[in-house]
Amino acid sequence: MYARVTVANAKRYRCLVCEHIYDPREGDPGTGIAPGTAFEDIPDDWYCPDCGATKADFEPIED
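In the nomenclature of an unreviewed UniProt entry, the protein chain corresponds to Rubredoxin from the organism Nannocystis exedens. You can read under Sequence similarities (unreviewed entry) in the UniProt record for the protein chain the words "Belongs to the rubredoxin family."

Regarding the nonpolar core
By size, the foremost hydrophobic cluster in this structure holds 10 residues: Y13, C15, Y22, I33, F39, I42, W46, C48, A53 and F58. Residues contacting C48, with those up to four places away along its chain left out, are C15, C18, H20, A53 and F58.

Regarding the side chain of H20
Structurally, H20 can be placed in the loop between β1 (13–15) and β2 (21–22). One polar contact links H20 to D50, side chain to side chain, over a distance of 2.8 Å. Setting aside chain neighbours within four positions, we find H20 in contact with Y13, R14, C15, C48, P49, D50 and F58.

Thresholds applied
- Residues numbered from 1 in each chain as written.
- Predicted model: local features only at pLDDT ≥ 70, side-chain atom pairs only at ≥ 80, totals over all residues.
- Heavy atoms only, no water.
- UniProt positions renumbered as here; feature names shortened; annotations may be inferred.
- Core = buried A, V, L, I, M, F, W, Y, C linked by side-chain atoms within 4.5 Å.
- Buried < 20%, exposed > 50% of the residue type's maximum accessible area, 1.4 Å probe, protein only.
- Contact = heavy atoms within 4.5 Å.
- Helix = DSSP H or I, 4+ residues; strand = E, 2+ residues; numbered from the N terminus.
- Polar contact = N/O pair within 3.5 Å; in protein donor to acceptor, adjacent residues only side chain to side chain.

What follows is the structure in structure tokens.
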């Protein structure tokens, strides 16, 4: 089970290839990542749902 994050500490990440935003409040239900899952807790073999880039191709967004 993945760790849940609160809205207050949710950090978003952007794909460097296609600009897709991973928002932990939304998760990525299409690949089995539930809402509330921190980016750090996503498996390393996860990939961008828009372009297929790897998890390593994402950078944190400073809000």
